Amino acid sequence: MTDMMEDYSMAKKKQKAKAKSKSAAKKPARKVARAAAKPAAKKTSAKPAVKKANGNGAYPKPSSKPFGMDGKALQGVRILDFTHVQSGPTCTQLLAWFGADVIKVERPGVGDITRGQLVDVKGADSLYFTMLNHNKRSITIDSKHPQGKRVLDELIKKCDVLVENFAPGALDRMGLTWEHIHKLNPRMIVASVKGFGPGPYEDCKVYENVAQCTGGSASTTGFRDGPPLVTGAQIGDSGTGLHLALGIVTALYQRTRTGRGQKVLCAMQDGVLNLARVKLRDQQRLKHGPLTEYSQYGEGIPFGDATPRAGNDSGGGQPGRILKCKGAPEDPNAYIYFITQAPVWGEICDVIGEPGWKTDPEFATPKARLPKLNQIFARIEEWTMTKTKFEAMEILNKFDIPCGPILSMKELAEDQSLRKTGTVVEVDHPTRGKYLSVGNPIKLSDSISEVKRSPLLGEHTDEILSDVLGFKAAEIADIKNSGALSAPEKKEKAA
Ligand code: CAO
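All residue numbers refer to position in the chain's written sequence, counted from 1. With the structure being a predicted model, the display of local features is reserved for residues of pLDDT at least 70 and the display and counting of side-chain atom pairs for 80 or more, all residues being used for whole-chain, interface and lining totals. As a rule here, side-chain values come from all non-hydrogen atoms in the structure, and water together with hydrogens is ignored.

A. Spotlight on helix α9 (residues 237-258). End to end, α9 covers 31 Å across 22 residues, agreeing with the expected 32 Å (1.5 Å per residue, within 8%). Burial in α9 covers these residues: D237, G239, T240, G241, L244, A245, I248, A251, L252, R255 and T256. Comment: elements are numbered from the N terminus, with helices defined as DSSP H or I runs of at least four residues and strands as E runs of at least two. Backbone geometry just downstream of α9 places G259 in the positive-phi region, at approximately 75°. Expected helix span is taken as 1.5 Å per residue step, with the number of steps being one fewer than the number of residues. Whether a residue is buried, partly exposed or exposed follows from its accessible area with a 1.4 Å probe, protein chains only, as a fraction of its type maximum: under 20%, in between, or over 50%, in that order.

B. Region of interest: the packing of helix α5 (residues 146-158) against helix α20 (residues 473-482). An axis is simply a line fitted to the C-alpha atoms; with a helix, the fit covers only the stretch in contact. Between two such axes, the angle follows the N-to-C directions and lies from 0 to 180 degrees. As a packed pair, α5 and α20 sit with axes 8 Å apart at the nearest point and diverge in direction by 135°. In this view, α5 runs oblique relative to α20, as classed from their interaxial angle. Between α5, through Q147, R150 and V151, and α20, the contact on the second element is made entirely by E475, I479 and S482. Think of it as three bins: nonpolar holds Ala, Val, Leu, Ile, Met, Phe, Trp, Tyr, Cys and Pro, charged holds Asp, Glu, Lys and Arg, and polar takes everything else, Gly as well. Of the residues in the contact of α5 with α20, the class split is two nonpolar, two polar and two charged. Roughly parallel means an angle under 35 degrees; roughly antiparallel means over 145; roughly perpendicular covers 65 to 115; every other angle is labelled oblique. Contacts are residue-level and defined by heavy atoms, with any inter-residue pair within 4.5 Å sufficient.

C. Representation of the sheet that holds strand β7 (residues 320-324) in the model. For two strands to count as paired, DSSP must find a minimum of two bridges between them. Reading across from one edge, β7-β8-β9 is the order of the three strands in this open sheet, with antiparallel pairing throughout. Bordering the open sheet on either side are β7 and β9 (403-405), each of which pairs with just one other strand. Direction aside, neighbouring strands of the sheet carry axes that sit 20° apart on average. Bridge count for strand β8 (residues 335-339) against β9 is three bridges, and the pairing is antiparallel. Counterpart to F338 in the pairing with β9 is C403. The strands touched by helix α16 (residues 389-398) within the sheet are β8 and β9, with β9 carrying the most contacts at an inclination of about 160°.

See below:
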């Protein structure tokens, strides 16, 4: 039994004894559950997300409704979404897909800066914005205006989680310190993305590629004889957003037991390093000798004192490379990833027409093959070049030889199986028309995600003020007249 399990079972025993000694045995547990669900239950007719679960094993009876028909996983959870650009919006979009009511607070007149970045259709929100802000509601608030602050305070009281990815100190400068938020709503979870955790760089602003470089990814990506490379996958922004989403749902779960919120911090440097952890593994292995699965070992090139770049070598100890297929290099994506996994070496030899390599001591064992990887992959490539990447994939899969075609974004956009699973979705938008997006990549069988278009700037301002905050029409008019919800230019014109 682990220490944690011991603690848990001790706590359970104590709790049972305590419960027995009280006449209303189940009361404390129910109290916690009700408190946990309270803010959500107040504002919508939606069922509270944590109905009877109290973190101590008291769950409701299994639903009798068909899977997918009993609401969404995060139904009843309300998010005050102060995020912008990519990292934070990735996180809150996921929470929205799982059913949370995500209220995106945007600066009047401008909104999330990405609305106007990389614009392809004049006058419409950019794809940068629309593809990261599905299923959310938008309210415009000047967070530095006294009336804006008042509205924000009211929202804090009504929400379960505040998510932000401002530059360090920006939230505090708005007056939204942890102390202020916690006083208004002790149950509030405050979740932040920052570039760095506490330390020498904590005050720095950080963007995607900066995180890829400072988190260890760039130094280990690319070819040995070339410069460090950043990857196309947004591991700094979207990767950290994913980490943050897990932190938030974990904090929500803990809150069902403790009744209180907490701070959740994901630093982009930490998130990237977590994703690059196999390279920190290799850094330590270096002390004990060369990294034999890296191509440079077979090529007789000595290792330095840091994990080197390894081109397209496979990271799992089984040699792998990207090889040309029929059509390459004219077609820039006519390639396949090919892994010479030891258990299927015999099958590989048969497929490429080198059956002798199965028993030849120069090729028969993984160790013998290591110094000859260039020769081996050149021979395999002779074979892959006679096939298209899809033909090669079909043949190799019959023998369980691990491989994967290099799929272009065009091919992925047109892939019908991805359309069927909702991983690629077509969304309609009032100002830009139809566009493709990536749907929820995490599939829950009882919480099916529907992708709804991103909100227009401030589209839900009135609805949120009245339905969520319960403001009367006159009060809403007062707040609006104060200029707290509109762009400064408009304020000047009105004056
Ligand atoms: N009303 C009034 N002011 C608002 C507002 C609102 N609704 N929303 C934002 N602002 C203000 C902020 O208060 C801040 O003002 P101060 O500088 O006076 O405090 C100002 O807008 C700028 O906010 P910012 O500092 O977050 O934005 P930036 O463009 O200067 O920096 C970024 C952008 C991304 C570098 C920075 O936010 C950052 O480092 N974030 C953390 C790391 C991160 O998430 N990076 C990923 C970015 S890409 O996904």
